[in-house]
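Commentary on secondary and tertiary structure
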Amino acid sequence: MQFAEGAKTEPGGRKAGVSCVPEPDRRYGGRFPWPFTWTTGVRRSPLNPGDMANLHERIGHLRPLWFEGCQLNVTRSLGVNRTVGASWTLSHVTPSGFRLGGQYQRRCNDHVLKTPLVAFDVNPSTLASNLQLLYRPVGSVCLEANLQLLPGRGMPLVEEVSLQHTGRSRTSTVRYSSNSTANAGYRVSVDHLVSLTDRLCVGMELVTECYRQVFQTGVAFASRYNRETWTLAATVSPEACDLTYWRKASDSLQLGSSLVINQRQGRAVGSICYRLDQPDTVVRGSFDTDWTVGFTYGRKLKPAAVTACLSLLFCAPKNTFQCGFRMDLDSNLL
């Protein structure tokens, strides 16, 4: 085998003075060696931010859902789109009695829930009932209404009705709510929330309230910043301020803190809450600066299709203590 003139060979047949490492690509400059290449970044489009009512929803999932007395809830599914249930409550705080209810929704199409959705519950002894309607005429428009039907009243009481438009990176909502105590007042709000990036969203809410023929109008500004393991949200108005911070400490533990300042009421309350998720067990607890301490404990009892929940709440300034026990039975698993 012959090589070019002037070239020498080394043991093994390689050319002397010729490197086996490839030369750097001259297109990328001399500062980067050959293994490095230029790539374009990926920019995620802004996500839908939701509405102002759900701005602090992450810390809302951590707060205990307190109840007092004894409760028994039974549910039964009649197909994939119909559910019926019954509940019995014995309490000194909430109205006691027996209630029947149900929920109807259209079937899913391509993993998308089709509306309308109708949910109701009624007290057989007094015939007082609650009705909830959710309807989407198109994918971006949602109409929701909560009605209260009372015997002897001709027109139903509209507790809350809202019309919402959802875009790719913004949400606009018009909401009306009324005071159920002798038509003492109502509240109308218009809010708009926009995602500037996939992590940051800002918005504004205009509120008009009427209570006993006294009108008040205010404006509030809101913002939220999301990360994979923590979220910071704030709602600020001339009369109030609400700050919340949520953090995922581990796969099973979530922590949160909030600070609420209300100038009209002249009080400020801070709270720390947590949620611990274990197999078949959920524990939620909170501690407020007004010396209110409580927690809820829920556990699925296997092999029975029963979930047992315990609620404890202690308020030192009022010298009150509340205890509740609830059993949730899913008859479909029997």
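In case you missed it, the structure is sitting above this.
Residues numbered from 1 in each chain as written. Predicted model: local features only at pLDDT ≥ 70, side-chain atom pairs only at ≥ 80, totals over all residues. Heavy atoms only, no water.

Some points on a nonpolar patch on the surface
What counts here: Patch definition: residues above 30% relative accessible area lacking any salt bridge, with like charges linked at up to 9 Å and the nonpolar side chains Val, Leu, Ile, Met, Phe, Trp and Tyr linked at up to 5 Å. Residue exposure ignores everything except the shown protein chains as possible cover, and the areas themselves are Shrake-Rupley values with a 1.4 Å probe. The working definition used for a salt bridge is a side-chain nitrogen of Lys or Arg within 4 Å of a carboxyl oxygen of Asp or Glu. Numbering of helices and strands starts at the N terminus; helices are DSSP runs of H or I of at least 4 residues and strands are runs of E of at least 2. Exposure is judged per residue with a 1.4 Å probe applied to protein chains only, and the accessible area is read against the type maximum: over 50% gives exposed, under 20% gives buried, and values in between give partly exposed.
Together, Tyr-135, Leu-143, Leu-163, Val-174, Val-190 and Leu-206 make up an exposed nonpolar region whose accessible area comes to about 510 Å². As for its placement among the helices and strands, Val-190 is situated in strand E11 (residues 185-195). Taking the relative accessible area as the measure of exposure, Val-190 reaches 41% and is therefore partly exposed.

Description of the side chain of Asn-123
In plain terms, the rule: Polar contacts, as counted here, are pairs of nitrogen or oxygen atoms within 3.5 Å of one another; within protein the pair requires one atom able to donate a hydrogen and one able to accept it, and residues that are adjacent in sequence qualify only if both atoms are side-chain atoms. Residues are treated as being in contact if the distance between any of their heavy atoms lies within 4.5 Å.
Within the secondary structure layout, Asn-123 lies in the loop between strand E6 (117-122) and strand E7 (129-138). A polar side-chain atom of Asn-123 sits 2.8 Å from a polar atom in the side chain of Ser-125. Residues contacting Asn-123, with those up to four places away along its chain left out, are Phe-98, Arg-99 and Ala-128.

Brief notes about the layout of surface pockets
Under the convention used in this document: The distinction between a cavity and a pocket rests on a 1 Å grid over the protein atoms alone: a 1.4 Å probe fits inside a cavity but cannot get out, while a pocket stays open yet meets protein on both sides within 12 Å along at least five of seven lines, and a residue with an atom within 4 Å of a point counts as lining. Grid points are joined across faces, edges and corners, and a volume is the space filled by probe spheres set on the points. In this classification, Asp, Glu, Lys and Arg are treated as charged, Ala, Val, Leu, Ile, Met, Phe, Trp, Tyr, Cys and Pro as nonpolar, and every other residue, Gly included, as polar.
When its volume is computed, the largest pocket comes out at roughly 750 Å³. If you go around the largest pocket, you meet 27 residues; those closest to its centre are Arg-187, Val-207, Ala-220, Ser-237 and Ala-240. Of all the elements in the fold, those that place two or more residues in the lining of the largest pocket are E11, strand E12 (200-211), strand E13 (214-226), strand E14 (230-236) and strand E15 (240-248). Among the elements that line the lining of the largest pocket, the one with the most residues is E13, at five residues. One number sums up the size of the second largest pocket: a volume of about 390 Å³. Along the walls of the second largest pocket sit 21 residues, with Leu-47, Arg-58, Asp-198, Arg-224 and Asn-226 positioned nearest its centre. Every element with two or more residues in the lining of the second largest pocket is listed here: helix H1 (57-60), E12 and E13. For the lining of the second largest pocket, the class distribution of residues is five nonpolar, eight polar and eight charged.

Some remarks on the packing of aromatic side chains
To be explicit about the condition: Only the six-membered ring of Trp is used, alongside the rings of Phe and Tyr, when aromatic pairs are assigned; centres must lie within 6.5 Å, and planes under 30 degrees apart are stacked while those over 60 apart are edge-to-face, with the rest tilted. Ring-over charges, as used throughout, are those where CZ of Arg or NZ of Lys falls within 6 Å of the ring centre and within 35 degrees of the ring normal.
Inspection of the entire model under this criterion finds four aromatic pairs. With centroids separated by 6.0 Å and ring planes inclined at 35°, the aromatic side chains of Tyr-176 and Tyr-186 adopt a geometry described as tilted. On the criterion of sequence distance, the pair formed by Tyr-176 in strand E10 (residues 170-178) and Tyr-186 in strand E11 is long-range, its members being ten residues apart. On the basis of relative accessible area, Tyr-176 is assigned to the partly exposed category, the value being 30%. Judged by its relative accessible area of 31%, Tyr-186 falls in the partly exposed class. Taken together, a centroid distance of 5.8 Å and an interplanar angle of 85° make the contact between Phe-287 and Trp-291 edge-to-face. Chaining the aromatic ring pairs together yields one cluster made of Tyr-225, Trp-230 and Tyr-245. One Lys or Arg, Arg-58, reaches over the ring of Trp-246 and ends 4.4 Å from the middle of that ring.

Looking at empty space enclosed by the protein
Enumeration over the complete set of coordinates arrives at one cavity of 30 Å³ or more. By volume, the largest cavity amounts to about 50 Å³. Among the elements of the structure, H1, E14 and E15 are those that each provide at least two residues to the lining of the largest cavity. Split into classes, the residues belonging to the lining of the largest cavity amount to five nonpolar, three polar and two charged.

Quick look at the pairing of strand E3 (residues 97-105)
Short version of the rule: Here, any two strands with at least 2 DSSP bridges between them count as paired.
Bridge count between strand E2 (residues 82-90) and E3: eight bridges; the pairing is antiparallel. Each bridged residue has a counterpart across the sheet, and for Val-84 the counterpart in E3 is Gly-102. Hairpin geometry of E2 and E3 is characterised by an intervening segment of six residues between the two adjacent antiparallel strands. Pairing of E3 with E6 involves six bridges; the strand directions are antiparallel. Across the sheet, Gly-101 pairs through a bridge with Asp-121, a residue of E6.

Brief notes about the side chain of Ser-177
As for its position among the elements, Ser-177 is in strand E10. Look at Ser-177 and you get buried, because its relative accessible area is 19%. If we ignore the near neighbours within four places in the chain, the residues touching Ser-177 are Glu-159, Glu-160, Tyr-186 and Arg-187.

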